[in-house]
Amino acid sequence: MVMRKMYLFSFCILFPGIIATHNGYAQELLTGYVNPLIGTDKMGHTYPGATVPFGSVQLSPETDTISYEENGHYNKPVYRYCAGYQYADKTIVGFAHTHFSGTGHSDLGDLLVMPTVGKLQWNPGTATHPEWGYRSPYAHTEEQAVPGYYKVRLQRYNILAELTATTRTGMHRYTFPTSDSAHILLDMEYGIYNYPDKNVWSFVRVENDTLVTGYRQTNGWGRTRTVYFAMSFSKPFRGYSWQNNGKKQVYRGFWRKWEQERNFPEMAGPHLKACFDFSVREGEPVMIKMALSPVSTANALENMAAEAPGWDFDKVRHNAQGLWEQELGKAVIDADKDTKTNFYTALYHVYINPTMYMDVNGEYRGLDQNVHRAGKEAGNYTTFSLWDTYRALHPLFNILQPRRNAAMINSMLAHYDQSVHHMLPVWSNSANENWCMIGYHAVSVIADAAVKDVPGVDYSRALNACVATAGNMKYDGLGYYLALGYVPEDKNGASVSKTLEYAYDDWCIAQLAAKVGQTDVATTFEKRAHNYRNVYDKYTGYMRPRLSTGSFKSPFDVLNTDEPGYIEGNAWNYSLYVPHAPDDMIKMMGGSRRFSEHLDSLFTMELPDSFFAHTEDVTREGIIGNYVHGNEPSHHVAYLYNYCGDAWKTQERVRMIMKKMYRPVPDGLGGNDDCGQMSAWYIFSALGFYPVAPGSDRYDIGSPAVSKAVLQLENGKTLTINTVKQSDRNVYVKSVRLNGAVLHRNYITHAELMRGGELVFEMSGKPVKH
C-alpha cells in the first residue's frame, strides 16, 4: 500500500495530491491520481465535471452547441460532443447536469446553467464569435478537474465557476465581480445531440425568490424521457424573465390575459430559457443546488433536502471526494506515477456507470412510464451500455462490487417486467430502451454473476427472462437466426456480427440454465451456441456474410470496416469473436501454429485509412496494425494466444496495448471509453488477468503492469497481487503462484480469487515458450 509514515499534528482536509490522516499516520489520497481530463480530447468522449460513484447527476461544462442534424441530414461533427466537452475547444457555453461517459452516440445535457454579467444575451453565440451570445472563453491553466469537483474561470465575465455533486444534486458556486446586472441563465433548450424538435416540452415554476421547480421532456435517443428538477438559490433573485426561443406560440389560449415575459411565475414551451437577475459585490458567491428526479418536482425537493440540506459547498465537495476515496480504495496499487494515473482514472471511469435512477424515497419511473418503487438499499440503475460493458465492466463488478452488480441485474429484471416486448435491456437509459447496437448481452451479465455465485438474484426467474428475450422472433433478425442457424445478410444487416454475438449469448444462457438445473434449456441453447460455424467460410478462412439462399455473399473484403455483414469492425477482427469456444475456432482456422501466425499478422500488418474512413467509431488512434482496440469486439483478442500455446505473445501484446492505448493525457484513450468498458479492460490487464468469456468462471493470465495490488473484497477477504522483477522490459510471466502453489495453467478461477490470499507473478525479460 502507498503509505507515508510521517506523523501529522493537524488534520488535513481532502484536497487532491496532498495527504490525509488515518489512525494518526499520513496516507496519500488515491483521488490525487485521478485525472478526469483524460479522454476529453478526440475519441475518448469522457467529461471532466463533478459526479459521485454511480451518481444520477453528472455536472459538467459544455463547450459547444453542435446540432445533430444539418439540412435534414446527420451532422458528423456532433459526434465529437457525445459528452458535451472537447478539450481543444476555447469557449464554455455553460454547465449541464446529465452526461454519458465515453459513448459513441448521445443524449442528455439537461438543464444548462450559465452565470453572466452585463447585457443579457439569450443565445449562446458561436465558437468563432462568442460575443454574439452568452458563452465565455476559458483557459486550461485556469481549469481544475478532480473527482467530485470542477472549477474554471469564465474569462469574459471574470466569474469563478465551481461545481460539486451528491448522488442526485448538483451544487454550483459562482464568485462574481461587482455588478448590478448579474444573471444566472437556465437554458432548457440546450441539449447534447440536439435538433429543432427534440424538446417536446419544458416547464418552470417560480415557487419563491430562491426556489424554482420544473421539468424537461425530450425525444432523442430516449424518445420519452422526462427529468424533473428543483433549483434553489443561496441568494434571493431580484427579478426574472424568460423566452421561448424568441418565438411567440401560435396558440396562447387565455394566457394572453397576462404579461408573461417578466416576473411571471409560470413558464412553459418547447424552447424555454429563463434568466434570474442579481446584484452582487466583488468576490460574492452565489450558490445553486439543482436536484433531479425521474418522478416529480416534489421528489426532487426531497432528494435535495436529504442529500444537500445546507449551503456548505466545501462540505459537499469533501463528501464527494470521500465517496471516491472509499470506492477507489477497494484496489490499492503500487506502480510508477503514469501507471497509477492510468489505473485510478480508469477505475474512476469504471465507477461512473451504470447510474442510480431512483429517488431517496425509492421511487423511479419505469419502462412502462409508470412510477415504481425499489428497495432503498439496493436501488434501481440505468445507463446499461451492454454491448460494451458485458465484456469487462460487469465482470469487474463481480470482483469489486458484487452487491451493486446484483442490484444492477435486478434493475434489468425490472426492465424486463415492464417491457411490452418482454425483453431484457439492450441499451437502456432513463426509463427508455433505445435499442442501440446488437445482441442481447444482458444475458451475459446475468450468467456471469450466476456462474460466479453472486448472491441477491433469483436466477431461475432471470433464466425465464433470458429465454424469452432470446426467443423474440421479431427482434433484429432473430427469427432468421432461429430458422436458418444464422442471420442472412440480404434480410438483415450486420449479419455476421449478429450471428456471432447471438451464438455467444446463447452459450451464456446455456451456462445459466445448467447452473439452475434446467438441463433441457441448457441443451437447447448449447446447440444454438454453435451457430458461429454457419458463417465460417473455410475457403477464405473468415467469418463471412451468407445470403438466405445459403451462399456466401460476394464480393468480400476482409479489411473494410464498412463492409456489409459487420458492425463497427471488419471481417478480420470479427472472425476472432468466438469467446466461448476458442479451441473450436482455432481448429476451424487451421490449428494452433497457423492461428498464432494469423494473430501475429493482425498486430503487425498496416491498415490504410481508407478501410475505416466511413466508420466514425474506428479511428487511427485506436488501431495497432489491423487490431482495433478503440472498439470493443477485439478486446479479448490479445488473450487468444493463450489457447494456441503461445501465452508469451499474449503477455507481450497486452503490455504493448496498455502503453499505446492508455496515456495520462487528455487524448490518452484510443477510443470511446464506452461507459467504462475501455477502462475496465485496462484495470483487469494491469492486474494480470482478463475475462475472455464472461459466463465462465475463468480469467486468462496476461502480464501485470503493477508492482503490487491489494484488493479489498466484499466477503471480507483480501487478495494481494505481488510481482517479482516486473518492469517495462520484464513483461513475460515466468511463473504464477497462488498461496504458494504454482499454477500449471494460464488461467485462474473466480472462486480462487474470491478466497483471497496472495497471487505472485514472477516476471522475466525473456519469453517462456512452453
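Residues numbered from 1 in each chain as written. Predicted model: local features only at pLDDT ≥ 70, side-chain atom pairs only at ≥ 80, totals over all residues. Heavy atoms only, no water.

Caption draft 1: Region of interest: the overall build of the chain. Counting secondary structure elements, the chain contains 17 helices and 42 strands. Against the globule reference of 27 Å for 770 residues, the chain gives a C-alpha radius of gyration of 26 Å, in line with a compact fold. In terms of overall dimensions, the chain has a C-alpha envelope of 80 × 70 × 50 Å along the principal axes. Sequence separation of at least 24 residues holds for 69% of the intrachain contacts in the chain that already meet a minimum separation of 6. Of the accessible surface of the chain, which amounts to about 27800 Å², a share of 51% is contributed by carbon and sulfur atoms. Looking at charge distribution, the chain has the averaged site of its 74 positive side-chain charges lying 2 Å from that of its 79 negative ones. (Helix = DSSP H or I, 4+ residues; strand = E, 2+ residues; numbered from the N terminus. Rg over C-alpha atoms; globule rule 2.2 N^0.38 Å. Contact = heavy atoms within 4.5 Å. Areas by Shrake-Rupley, 256 points an atom, 1.4 Å probe, with all protein chains shown as cover. Lys, Arg positive; Asp, Glu negative; His and termini not counted. Charge placed at Lys NZ, Arg CZ, Asp CG, Glu CD.)

Caption draft 2: Geometry of the state of the cysteines. Applying the stated criterion to the full structure yields zero disulfides. Between Cys 508, a cysteine without a disulfide, and Cys 466, which holds the nearest cysteine sulfur, the sulfur-to-sulfur distance is 8.9 Å. Judged by its relative accessible area of 0%, Cys 508 is buried. We note that Cys 675 lacks a disulfide partner, and the nearest cysteine sulfur, in Cys 436, lies 10 Å from it. Given the relative accessible area of 2%, Cys 675 is considered buried. (Disulfide = S-S within 2.5 Å. Buried < 20%, exposed > 50% of the residue type's maximum accessible area, 1.4 Å probe, protein only.)

Caption draft 3: Representation of helix H14 (residues 592-604) within the structure. Given a rise of 1.5 Å per residue, 13 residues ought to cover 18 Å, and the 18 Å separating the end C-alpha atoms of H14 matches this to within 8%. The set of residues buried in H14 consists of Phe 595, Ser 596, His 598, Leu 599, Asp 600, Leu 602 and Phe 603. Structurally, H14 contributes buried residues whose contacts are with strand S32 (542-543), helix H12 (571-574), helix H13 (582-588), strand S33 (623-624), strand S34 (627-628) and helix H15 (647-661). (Expected span 1.5 Å × (residues − 1).)

Caption draft 4: Highlighting the packing of helix H3 (residues 337-350) against helix H16 (residues 677-687). Direction vectors running N to C along H3 and H16 enclose 135°, while the axes themselves pass 8 Å from each other. Judged by the angle between their axes, H3 and H16 are oblique. Crossing angle aside, the handedness with which H3 passes H16 is left-handed. Along the contact surface, H3 presents Thr 339, Asn 342, Phe 343, Ala 346, Leu 347, His 349 and Val 350, while H16 presents Ser 679, Ala 680, Tyr 682, Ile 683, Ala 686 and Leu 687. (Axes fitted to C-alpha atoms, helices over the stretch in contact; angles between N-to-C directions. Parallel < 35°, antiparallel > 145°, perpendicular 65-115°, else oblique. Left-handed = near helix turned anticlockwise from the far one by under 90°.)

Caption draft 5: Region of the structure containing the confidence of the model for the chain. Summary statistics for the chain give a mean pLDDT of 94 and a share of 96% for residues scoring 70 or more. Residue range residues 1-18 is modelled with pLDDT below 50. Its contacts to residues more than four positions away, or to other chains, number 46 contacts. For residues 21-25, every residue scores under 50 in pLDDT, and the model assigns this stretch nine contacts once sequence neighbours within four places are set aside. (pLDDT = per-residue confidence, 0-100.)

Caption draft 6: Representation of the packing of aromatic side chains within the structure. Under the defined criterion, the tally for this structure stands at 43 aromatic pairs. Ring centres of Phe 54 and Tyr 351 lie 5.7 Å apart, and the angle between their planes is 50°; on these two criteria the pair is classed as tilted. Of the two residues, Phe 54 sits in the loop between strand S3 (25-28) and strand S4 (60-62) while Tyr 351 sits in the loop between H3 and strand S24 (355-356), which places them 297 residues apart along the sequence. Judged by relative accessible area, which is 1%, Phe 54 ranks as buried. Taking relative accessible area as the criterion, Tyr 351 reaches 0% and is therefore assigned buried. Taken together, a centroid distance of 5.8 Å and an interplanar angle of 45° make the contact between Phe 233 and Phe 278 tilted. Placement of the pair is Phe 233 in strand S18 (residues 225-233) and Phe 278 in strand S21 (residues 272-280), with a sequence separation of 45 residues. (Phe/Tyr/Trp six-rings, centres within 6.5 Å; stacked < 30°, edge-to-face > 60°.)

Caption draft 7: View of the sheet that holds strand S29 (residues 427-429). Read across the sheet, three strands follow the order S28-S29-S30 without closing on themselves; strand pairing throughout is antiparallel. What marks the edges here is a single partner per strand, and that holds for strand S28 (384-385) and strand S30 (432-433). Across two bridges, S28 lies against S29 in antiparallel orientation. Following the sheet pairing, Phe 384 is matched in S29 by Ser 428. (Pairing = 2+ DSSP bridges.)

Caption draft 8: The arrangement of the pairing of strand S16 (residues 199-208) in detail. Where S16 meets strand S17 (residues 211-218), eight bridges bridge the pair, whose relative direction is antiparallel. Residue Asn 199 lies in a different strand from S17, and its bridge partner there is Thr 218. Hairpin remark: S16 followed by S17, antiparallel, with two residues in the connecting loop. Pairing of S16 with strand S20 (residues 266-269), which is carried by four bridges, proceeds in the antiparallel orientation. Following the sheet pairing, Ser 202 is matched in S20 by Gly 269.

Caption draft 9: Representation of the nonpolar core within the structure. The biggest cluster of nonpolar side chains holds 165 residues, and the ones touching the most others in it are Phe 343, Tyr 344, Ile 399 and Leu 424. Residue contributions to this core peak at 11 residues, all from helix H10 (residues 495-515). Apart from residues no more than four positions distant in its own chain, Phe 343 is found in contact with Ala 331, Ile 333, Tyr 682, Ile 683, Ala 686 and Leu 687. Within the second largest apolar cluster, 61 residues are counted, among which are Phe 95, Met 114, Val 152 and Tyr 240. (Core = buried A, V, L, I, M, F, W, Y, C linked by side-chain atoms within 4.5 Å.)

Caption draft 10: Structural detail: the pattern of salt bridges. A complete count under the given rule lists 37 salt bridges for this structure. A salt bridge links Lys 649 to Asp 600; its shortest N-O distance comes to 2.8 Å. Remark: Asp 600 occurs in helix H14 and Lys 649 occurs in helix H15; sequence separation between them is 49 residues. By the burial criterion, Lys 649 is buried, and Asp 600 matches it. Among the ionic pairs, Asp 609 bridges to Arg 620, the shortest N-O distance being 2.4 Å. In this pair, Asp 609 is assigned in the loop between H14 and S33 and Arg 620 in the loop between H14 and S33, connecting sequence segments 11 residues apart. (Salt bridge = Lys/Arg side-chain N within 4 Å of Asp/Glu carboxyl O.)

Caption draft 11: Structural detail: the environment of Leu 463. Mapped onto the elements, Leu 463 comes out in helix H8 (residues 459-469). Residue Leu 463 is classed as buried on the basis of its relative accessible area of 3%. Once the C-alpha coordinates of Leu 463 and Gly 622 are considered, the two residues, 159 residues apart in sequence, prove to be 36 Å apart. When sequence neighbours within four positions are dropped, the list of residues in contact with Leu 463 reads Ile 509, Leu 512, Ala 513, Val 516, Gln 518 and Val 521.

Caption draft 12: Quick look at the sheet that holds strand S11 (residues 143-146). Strand order in the open sheet formed by nine strands is S11-S12-S13-S14-S22-S18-S17-S16-S20, with antiparallel pairing between adjacent strands. If you trace the sheet from one side to the other, it starts and ends with S11 and S20, each paired once. With direction set aside, neighbouring strand axes in the sheet form an average angle of 15°. Strands in contact with helix H1 (residues 297-307) are strand S14 (169-176), S17, S18 and strand S22 (284-293); relative to S18, the strand with the most contacts, it is inclined by about 50°. Lying on the sheet, helix H2 (residues 313-328) is in contact with strand S12 (149-154), strand S13 (159-165), S14 and S22; it crosses S13 at an angle near 50°.

Caption draft 13: Here's a closer look at the pairing of S22. Summarising burial for S22: nine of the 10 residues are buried, a large majority. Where S14 and S22 come together, eight bridges link them in antiparallel fashion. Bridge pairing links Met 171 to Lys 289 in S22. Of the strand pairs in this sheet, S18 and S22 are connected by six bridges, and their pairing is antiparallel.

Caption draft 14: Geometry of the environment of Ser 419. Along the chain, the position of Ser 419 falls in the loop between helix H6 (402-418) and S29. Distance in space between the C-alpha atoms of Ser 419 and Thr 65 is 34 Å, their sequence separation being 354 residues.

Caption draft 15: Representation of the packing of helix H7 (residues 442-451) against H8 in the model. Running from N to C, H7 and H8 point in directions that differ by 155°, and their axes come no closer than 10 Å. The orientation of H7 with respect to H8, classified from their angle, is roughly antiparallel. Read as a crossing pair, H7 and H8 show a hand that is left-handed. Within the contact between the two elements, H7 uses Val 443, Ile 446, Ala 449 and Ala 450 and H8 uses Tyr 459, Ala 462 and Cys 466. A class-by-class count of the residues in the contact of H7 with H8 yields seven nonpolar, no polar and no charged. (Nonpolar A, V, L, I, M, F, W, Y, C, P; charged D, E, K, R; others polar.)

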